Amino acid sequence: MTEHITLKRTIPFDKLGELLKKIEFRGLYNKDGEKIKPYKKAVFSIATVYPAESLTSSPTIKIGSKKEFLFSPQPTVYSNQTEIIKIVDDFLSKNKLRVNKLKNAVEYDWQGRGVYNMLPPIIEKHTYQLNNGFIDLDQLIKSFENLYVKDAKGNLHHVLDRHLKDYFIDEVSSIKHMDIFHSNAPLINYGIRHNHKQDFYIICDGSHRIDYSIEYLGQPITVILVEPKSRPLIPYYAFPMPFWPTIRLSSKLSEKMYPRLERDKVHLFNDFLKKTLHYDWTNAGLNVGKLRSNVDIN
């Protein structure tokens, strides 16, 4: 099948960084209704993710001489996605490239499917204040100062307010008083003895590539580390979860076969707002995969 794939170009790391800075949130705005760019003032560098050393440990990201545990918002791996990565990796190997050794981005044309980009997985560094092991939501909300979401009528709501008033879910119905956070947000605990700031290295893009490398190849993988330059990165759209254990399914559609499948990502925001913090790659000109959901964003 690799004969149907053609390498179009390589995007150097510096150029890739410029493109990543153009990524926009799907539903986060400034006071003028302009979309926010999560990486506008971020710093990019190359790091390496290593396989876990044992069943009871976790994959780690090595930054300089230190290693940190890797977290993931996505606890499910789909074998049809892994198979696509294997096919692309087989193709890249014929061009003296490998999925787990990319330091630039590549653009390829898959006949009958389209033109895609593959880049190293992206890992974001986030620092959250823990209070008895719970993420301090009162501190976390301060990261959203001067940031807004829109309701179905186009009204802007200041995220910093946390409890939004008269939020329209359609042109008629509105919620008079709505906590912006997911209902499970106050329940997630990382250890009750922890009362400090904690760094979390969270997979933003590329969980399947990482899984393919450390599980199927048994090798480390090169990643892009995104760190804040001055102010912290805007909080990620889902809570950091351990990389293992994971759930393996044949595809996203196969989830319907398991109505009691209860382990899934926990979004930061509630069900009406959970997609607002997802990234829109369109403005960056990078086609890294189709969104699995067509949920509308106001």
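See the structure above.
Reading guide: rules and limits
Residues numbered from 1 in each chain as written. Predicted model: local features only at pLDDT ≥ 70, side-chain atom pairs only at ≥ 80, totals over all residues. Heavy atoms only, no water. 1 Å grid on protein atoms, 1.4 Å probe; cavity = no way out; pocket = protein on both sides within 12 Å on 5 of 7 lines; lining within 4 Å. Points joined across faces, edges and corners; volume = space filled by probe spheres on them. Nonpolar A, V, L, I, M, F, W, Y, C, P; charged D, E, K, R; others polar. Buried < 20%, exposed > 50% of the residue type's maximum accessible area, 1.4 Å probe, protein only. Helix = DSSP H or I, 4+ residues; strand = E, 2+ residues; numbered from the N terminus. Phe/Tyr/Trp six-rings, centres within 6.5 Å; stacked < 30°, edge-to-face > 60°. Lys NZ or Arg CZ within 6 Å of the ring centre and 35° of its normal. Contact = heavy atoms within 4.5 Å. Polar contact = N/O pair within 3.5 Å; in protein donor to acceptor, adjacent residues only side chain to side chain. Salt bridge = Lys/Arg side-chain N within 4 Å of Asp/Glu carboxyl O. Core = buried A, V, L, I, M, F, W, Y, C linked by side-chain atoms within 4.5 Å. Patch = residues over 30% accessible without salt bridge, like charges linked within 9 Å, V, L, I, M, F, W, Y side chains within 5 Å. Areas by Shrake-Rupley, 256 points an atom, 1.4 Å probe, with all protein chains shown as cover. Lys, Arg positive; Asp, Glu negative; His and termini not counted. Charge placed at Lys NZ, Arg CZ, Asp CG, Glu CD.

A. View of empty space enclosed by the protein. Going through the model one piece at a time under the given rule, you end up with one cavity of 30 Å³ or more. Empty space within the largest cavity amounts to approximately 50 Å³. Around the largest cavity, the lining residues are Ser-72, Gln-74, Thr-76, Val-77, Ser-207, Asp-211, Phe-243 and Thr-246. When grouped by side-chain class, the residues that make up the lining of the largest cavity number two nonpolar, five polar and one charged.

B. Region of the structure containing helix 4 (residues 207-217). Within helix 4, eight of the 11 residues are buried, leaving the element largely enclosed by the surrounding structure. Among all positions in helix 4, only Ser-207, His-208, Arg-209, Ile-210, Asp-211, Tyr-212, Ser-213 and Ile-214 are buried.

C. A look at the packing of aromatic side chains. A complete count under the given rule lists 13 aromatic pairs for this structure. Ring geometry for Tyr-108 versus Tyr-116: centroids 6.0 Å apart, planes at 35°, classification tilted. The exposure class of Tyr-116 is partly exposed, given its relative accessible area of 23%. With a centroid separation of 6.4 Å and 80° between ring planes, the pair formed by Tyr-236 and Tyr-279 is classed as edge-to-face. Of this pair, Tyr-236 sits in the loop between strand 16 (221-228) and strand 17 (241-242) while Tyr-279 sits in strand 19 (residues 279-280), placing them 43 residues apart in sequence. Here Tyr-236 and Tyr-279 have matching classes, each one buried. An aromatic cluster of at least three residues, connected via ring pairs, comprises Phe-25, Tyr-39, Phe-44, Tyr-236, Tyr-237 and Tyr-279. In this structure, Arg-113 is placed above the aromatic ring of Trp-110, and the distance from its NZ or CZ to the ring centre is 4.2 Å. Its end group placed over the ring of Phe-168, Lys-153 keeps NZ or CZ at 4.3 Å from the ring centre.

D. Representation of the environment of Ser-79. For Ser-79, the location among the structural elements is in helix 2 (residues 79-93). On the basis of relative accessible area, Ser-79 is assigned to the partly exposed category, the value being 38%. Dropping the residues within four chain positions of it, Ser-79 is found in contact with Leu-249 and Ser-250. A distance of 3.3 Å separates a polar side-chain atom of Ser-79 from the backbone oxygen of Ser-250.

E. Looking closely at the pattern of salt bridges. Going through the model one piece at a time under the given rule, you end up with 14 salt bridges. Asp-205 serves as the salt-bridge partner of Arg-209, at 2.7 Å between the closest nitrogen and oxygen. Summarising the burial analysis for this pair, Arg-209 and Asp-205 share the class buried. Overlapping salt bridges bring together Asp-138, Arg-162 and Asp-179 as one network.

F. How the structure looks around the nonpolar core. Counting 54 residues, the largest nonpolar core has Leu-20 and Tyr-39 as the members making the most contacts within it. If you list the elements that add at least two residues to this core, you get helix 1 (13-20), strand 3 (42-50), strand 9 (122-131), helix 3 (137-140), strand 13 (163-168), strand 15 (197-205) and strand 16. Here Tyr-39 is in contact with Leu-20, Lys-21, Ile-23, Phe-44, Ile-122, Glu-124, Cys-204, Val-226 and Tyr-279, once residues within four sequence places are set aside. Within the second largest apolar cluster, 14 residues are counted, among which are Ile-61, Leu-70, Tyr-201 and Phe-243.

G. Local environment of a positive patch on the surface. Together, Lys-40, Lys-41, Lys-229 and Arg-231 make up a region of like positive charge exposed at the surface. Summarising the element assignment, Lys-41 is placed in the loop between strand 2 (24-25) and strand 3.

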